[in-house]
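Summary of structural features
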Amino acid sequence: MRRQFESPIVLLGARLLSPYIMVFGWYVIIHGHYSPGGGFQGGALLAASVLLIRVAGGRRVARLQIQEFATTPLAIIGVVIYFATGLVSMAMGGYFLDYSALPIPGMDPAWLRYTGILIIEVGIGLAVMAILVMIYDNMVRGEDYD
Amino acid sequence: MIWEIELIIYIFLALSAVVALEVKDLLVAVVMMTIFSFLMALLFVAMGAIDVGFTEAVIGAGVTGILFVVVVFQTSRKSND
């Protein structure tokens, strides 16, 4: 984004805050199936930590973190994780997103549902993060920011 | 929740909404809308909807604020009406 003036304090604050927001986002995703939160909220937190660095540092600093061309493949990976989990359980004889039919050996159905929701939410989090970052990148595209 | 604190949150909610509607500087309006979202999230949590409050705090006070700031910097900063 176009910057009015150079401010090392804002950049330092964003650099200090961003990793903790990202760790909290992963915490929300991982604990999403038995506490408040989940894939969407955790993914939005991850996107907030990435966008904080992008707003504070501009394109030169943002290039070190997640590059602009990497957002679309990340979103596709997230959607593919979601639908692959659903379709694999469908191919194994259950319904769509019926986690108890997932082919993971050595697990009873309760643990399979637990693990299936976890896999789904990692996919949702990746897709939400990548798409929110992609919206920001497309909004600032024509801007001559450095 | 203690009703005095909730009353204070309601008063600041109405204040931030009125300021966001009436102010001429659009950046101030964006910040006021972020404050509105955060107070709304506090009220959602106080009413027991923790998941809704969490989503409101993350989306309304985090990502939407950043996107509105980008829009303000790409258009004009002053409101015309």
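In this report, we go over the structure that sits alongside the text. Residue indices follow the written sequence of each chain, beginning from 1 at its first position. Chain letters start at A and ligand numbers start at 1, both assigned in the order the entries are written. Local features in a predicted model are, by the rule used here, given only for residues with pLDDT of at least 70; side-chain atom pairs are given and counted only at 80 or more, and totals for whole chains, interfaces and linings are based on all residues. Excluding hydrogens and water, the side-chain values take into account all heavy atoms of the structure.

Some thoughts on the overall build of chain B
- Helix and strand definitions follow DSSP, with helices as H or I runs of at least four residues and strands as E runs of at least two, each counted in order from the N terminus. Of regular secondary structure, chain B possesses 3 helices and 0 strands.
- When the helices and strands of chain B are listed from N to C terminus, the series reads α-α-α.
- Seen through its C-alpha atoms, chain B measures out along the principal axes to roughly 40 × 25 × 15 Å.
- Accessible area is worked out with a 1.4 Å probe on protein chains only. A residue is then buried under 20% of its type maximum, exposed over 50%, and partly exposed in between. Considering chain B as a whole, with its 81 residues, one finds that 31% of them fall into the buried category.
- We call two residues in contact whenever any of their non-hydrogen atoms come within 4.5 Å of each other. A separation of at least 24 residues holds for 62% of the contacts in chain B among residues at least 6 apart in sequence.
- What sets the accessible areas is the Shrake-Rupley method with a 1.4 Å probe; for residues, cover comes only from the shown protein chains. With the model as given, the accessible surface of chain B reaches about 4800 Å², and the carbon-plus-sulfur share is 76%.

A word on the overall build of chain A
- Along the backbone of chain A there are 5 helices and 0 strands.
- With respect to the three principal axes, the spread of C-alpha positions in chain A is 60 × 30 × 20 Å.
- Classification of the 146 residues of chain A by burial places 40% in the buried group.
- When contacts within chain A are restricted to residue pairs at least 6 apart in sequence, those whose partners lie at least 24 apart make up 61%.
- Surface exposure of chain A reaches about 8000 Å², of which carbon and sulfur atoms provide 71%.
- Side-chain charges in chain A split into 9 positive and 9 negative, and the spacing between the mean points of these groups amounts to 8 Å. Only four residue types enter the tally: Lys and Arg on the positive side, Asp and Glu on the negative side, with His and both chain ends excluded. In plain terms, the charge of a residue is placed at NZ if it is Lys, CZ if Arg, CG if Asp and CD if Glu.

Re the side chain of A:Thr115
- On the secondary structure map, A:Thr115 appears in helix α5 (residues 109-139).
- Every residue in contact with A:Thr115, bar those within four places of it in the chain, is listed here: A:Ile104 and A:Met107.

Topic: the interface of chain B and chain A
- Opposite the 14 residues of chain B that make contact, chain A presents 21 residues.
- Buried surface area refers to the total accessible area, computed with a probe of radius 1.4 Å, that the two partners give up upon joining, counted for both partners together. Roughly 1500 Å² of surface becomes buried between chain B and chain A when both sides are summed, with 79% attributable to carbon and sulfur atoms.
- Ranking the residues of chain B by area buried against chain A places B:Phe54, B:Ile66 and B:Phe73 at the top, with a combined share of 34%.
- Any carboxyl oxygen of Asp or Glu within 4 Å of a side-chain nitrogen of Lys or Arg constitutes a salt bridge here. Inspection of the region where chain B meets chain A yields 0 salt bridges.
- Residues adjacent in sequence count toward polar contacts only when both atoms are side-chain atoms; beyond that, a polar contact is any pair of N or O atoms within 3.5 Å, and within protein one must be able to donate a hydrogen and the other to accept it. In this assembly, chain B and chain A are joined by 4 residue pairs in polar contact (both at pLDDT 80 or more).

Focus: the nonpolar core
- Among buried residues, those of type Ala, Val, Leu, Ile, Met, Phe, Trp, Tyr and Cys that are joined through side-chain atoms within 4.5 Å constitute a nonpolar core. Core analysis: the largest hydrophobic core is formed by 22 residues, its most contacted members being A:Leu51, A:Leu132, A:Tyr136 and B:Val63.
- Of all the elements in the fold, those that place two or more residues in this core are α1 (8-30), α2 (39-57) and α5 of chain A together with α3 (50-74) of chain B.
- Looking at which element gives the most residues to this core, the answer is α2(A), with 7 residues.
- Not counting residues up to four positions away in its chain, the partners in contact with A:Leu51 are A:Val133, A:Tyr136, B:Val63 and B:Ile66.

Let's talk about the packing of α2(A) against α5(A)
All names here are of chain A.
- For helices, the fitted axis covers only the stretch in contact; all axes are lines through C-alpha atoms, and the angles between them, taken along N-to-C directions, range from 0 to 180 degrees. Viewed as axis vectors pointing N to C, α2 and α5 meet at an angle of 35°, and their least axial separation amounts to 7 Å. Of the two elements, α2 crosses α5, and the hand of that crossing is right-handed. Contacts from Gly 39, Phe 40, Gly 43, Ala 44, Leu 46, Ala 47, Val 50, Leu 51, Arg 54 and Val 55 of α2 reach α5 at Glu 121, Ile 124, Gly 125, Val 128, Met 129, Leu 132, Val 133, Tyr 136 and Asp 137.
- Three classes are used: nonpolar for Ala, Val, Leu, Ile, Met, Phe, Trp, Tyr, Cys and Pro, charged for Asp, Glu, Lys and Arg, and polar for all others, with Gly counted as polar. Tallied by class, residues from the contact of α2 with α5 come to 13 nonpolar, 3 polar and 3 charged. For any pair of crossing helices, the crossing counts as left-handed if the nearer helix is rotated counterclockwise from the farther one by less than a right angle, and right-handed if it is rotated clockwise.

What to know about the packing of aromatic side chains
- Each pair of aromatic rings taken from Phe, Tyr and Trp, with Trp reduced to its six-membered ring, is defined by centres within 6.5 Å and is described as stacked if the planes are under 30 degrees apart, edge-to-face if over 60, and tilted in the remaining cases. On inspection of all chains with the given rule, the structure shows 6 aromatic pairs over all chains.
- Seen from their ring centres, A:Phe24 and A:Tyr27 are 6.1 Å apart, and the 15° between their planes marks the pair as stacked. Residue A:Phe24 and its partner A:Tyr27 are located together in helix α1, separated by 3 residues, close to a single helical turn.
- Geometrically, the ring pair formed by A:Phe24 and B:Phe54 is tilted, given 6.2 Å between the ring centres and 40° between the ring planes. With A:Phe24 in helix α1 and B:Phe54 in helix α3, this residue pair bridges two chains.

A look at the pattern of salt bridges
All names here are of chain B.
- One pass over the structure, following the stated rule, counts 2 salt bridges over all chains.
- Here Asp 25 makes a salt bridge to Arg 77, at a shortest N to O gap of 3.1 Å. Taken together, the positions of Asp 25 in the loop between α1 (3-22) and α2 (26-46) and Arg 77 in the segment after α3 put the pair 52 residues apart, joining distant regions of the chain.
- For Asp 25, a relative accessible area of 15% corresponds to the buried category.

Considerations on unusual backbone geometry
- For A:Leu97, which is not glycine, the phi dihedral falls at a positive 60°.
- Tracing the sequence through the fold places A:Leu97 in the loop between α4 (71-91) and α5.

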